[in-house]
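Chain residues, written in single-letter form:
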Protein chains: 2
Amino acid sequence: MSSKDDISVAVIRRLPRYYRFLGELKKAGVVRVSSRELSERLGLTASQIRQDFNRYGGFGHQGYGYNVEKLHEEIGKILGLHYCYTAILIGSGNLGRAVANHVLSEQGGFELIGIFDKKESLTGQMIREIPIRHVDGLDEFCRENRPKVAIMCLPEEAAKELTPQLIDMGITSFWNFSSYDILLDYPDVLVENVHIGDSLMTLCYKITW
Amino acid sequence: MSSKDDISVAVIRRLPRYYRFLGELKKAGVVRVSSRELSERLGLTASQIRQDFNRYGGFGHQGYGYNVEKLHEEIGKILGLHYCYTAILIGSGNLGRAVANHVLSEQGGFELIGIFDKKESLTGQMIREIPIRHVDGLDEFCRENRPKVAIMCLPEEAAKELTPQLIDMGITSFWNFSSYDILLDYPDVLVENVHIGDSLMTLCYKITW
């Protein structure tokens, strides 16, 4: 098994795809899957898939394939989905609500414990069973509940303004949907950026060529 | 310059990142940028960046860096952002609205010309200046307006049910936010999938390790 630092970003980014696809197979009642089948469906070479898995110990492929349920579970553990990191959502616009519903329904790795918005008219509204709070209450909420992750669904300027406060309040990780580049100003926090526009540009490229 | 088929998915996926970052530099008034500076900010090696650019003709790096505005424009052209592909959005829930606002405000490559939802109570509501129509009117709308791209912001089952109709109506490309795997059933259409959950799992991995 490789140590964490030896594992490339590309390998790490393939893990969620494996996990998701194995989840689909499991749902469909498939018991075993070969690396060839995985490769065909995921558009990767079978040897790349075997290499990826070997970095984490190999998962006991025995010539006739992997046990779907076991492999799904093992990859979930590697991803840390059995943990329950507490998260708060900042920004309850359309995107924030869509993201909240996603986190609340998928339930892997994170527990959403608070939703904040600067619009006073939204205070007290519920998203599923979580009330929207005013951002003025962030400090007190964080002192009491110690969330570790902030989900940033707010505009660039607002994100930039709020980030230092969030870090002061104990937030160490960001799931960032804003276009503010958090790592540029705070290189020591963990950030995962989502740029849905990149995907749209990729589609544009595919159509054009 | 390489032919289209020689260019790997990994290179193509870096183009939107270059384009986005160059756009930020341009906005900040930066005139020239070296491949070293690009590499530091984007977490890629300078030689990888030069290789990527060389595939498209090199963009005239002259020892003292690239012209930001020109490079931004050139990469935009490669991405096809000067085209205007007509798109329809299916599903006007929170995610659909967030995506519609994105497409309508960013305006690169696509024009959103119609929004559809199966909920009758939403028919006639406006998102920006586009009315939500009932899905029953899709066929007629497509015959009259010939959209090429469908943005799928609806649940898996509904997406699966609607996809063959959309293809019959002339849709050739999908920006797919649903978990339905369009390419598995229709390998000849163009699909760009967005799985925001993959990004959340990656964050979970980063926090865990």
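Predicted model, so just to flag it, every value in this text is computed and none were measured. (Residues numbered from 1 in each chain as written. Chains lettered and ligands numbered in written order. Predicted model: local features only at pLDDT ≥ 70, side-chain atom pairs only at ≥ 80, totals over all residues. Heavy atoms only, no water.)

Break down the overall build of chain A for me, with residues and values.
A tally of helices and strands in chain A yields 9 helices and 9 strands. Scored against the burial criterion, the 209 residues of chain A give a buried share of 48%. Sequence separation of at least 24 residues holds for 58% of the intrachain contacts in chain A that already meet a minimum separation of 6. Accessible surface, chain A: about 10300 Å² in total, of which carbon and sulfur atoms supply 48%. For chain A, the centre of its 24 positive side-chain charges and the centre of its 27 negative side-chain charges are spaced 8 Å apart. (Helix = DSSP H or I, 4+ residues; strand = E, 2+ residues; numbered from the N terminus. Buried < 20%, exposed > 50% of the residue type's maximum accessible area, 1.4 Å probe, protein only. Contact = heavy atoms within 4.5 Å. Areas by Shrake-Rupley, 256 points an atom, 1.4 Å probe, with all protein chains shown as cover. Lys, Arg positive; Asp, Glu negative; His and termini not counted. Charge placed at Lys NZ, Arg CZ, Asp CG, Glu CD.)

Got a sec to walk through the relation of the copies chain B and chain A? Specific residues and values, please.
For the match of chain B to chain A, the screw axis carries a shift of 0.0 Å, the RMSD comes to 0.0 Å, and the turn is 180 degrees. With respect to symmetry, the two chain copies, as superposed, fit the operation of a two-fold axis. Nearest to the rotation axis, the C-alpha of Asn 94 of chain B is located 2.2 Å from it, this being the minimum over chain B. (Least-squares fit on C-alpha atoms with pLDDT ≥ 70 in both.)

Can you lay out helix α6 (residues 138-145) of chain B for me, pointing to particular residues and giving the numbers?
Residues and elements named next belong to chain B. Within α6, the full set of buried residues consists of Leu 138, Phe 141 and Cys 142. Along the long axis of α6, the arc covered by the buried residues comes to 95 degrees, so they all point the same way. Facing away from the buried surface of α6 by more than 90 degrees, the exposed residues are Arg 143 and Glu 144. Summarising the contacts, the buried residues of α6 are in contact with β3 (84-90), β4 (109-117), β6 (130-134) and α7 (156-168). Backbone geometry just after α6 places Arg 146 at a positive phi near 50 degrees. (Arc of directions from axis to C-beta.)

Any chance you could break down the nonpolar core for me, citing the residues and the numbers?
Counting 98 residues, the largest nonpolar core has Ile 75, Ile 151 and Trp 175 of chain A together with Leu 112, Ile 151 and Trp 175 of chain B as the members making the most contacts within it. Top contributing element to this core by residue count: helix α1 (residues 9-27) of chain A, with 8 residues. Those residues in contact with Ile 75 of chain A, other than ones at most four positions away along the chain, are Leu 15, Tyr 18, Tyr 19, Leu 22, Phe 53 and Phe 59 of chain A. (Core = buried A, V, L, I, M, F, W, Y, C linked by side-chain atoms within 4.5 Å.)

These values are about where atoms sit, not about what they do.
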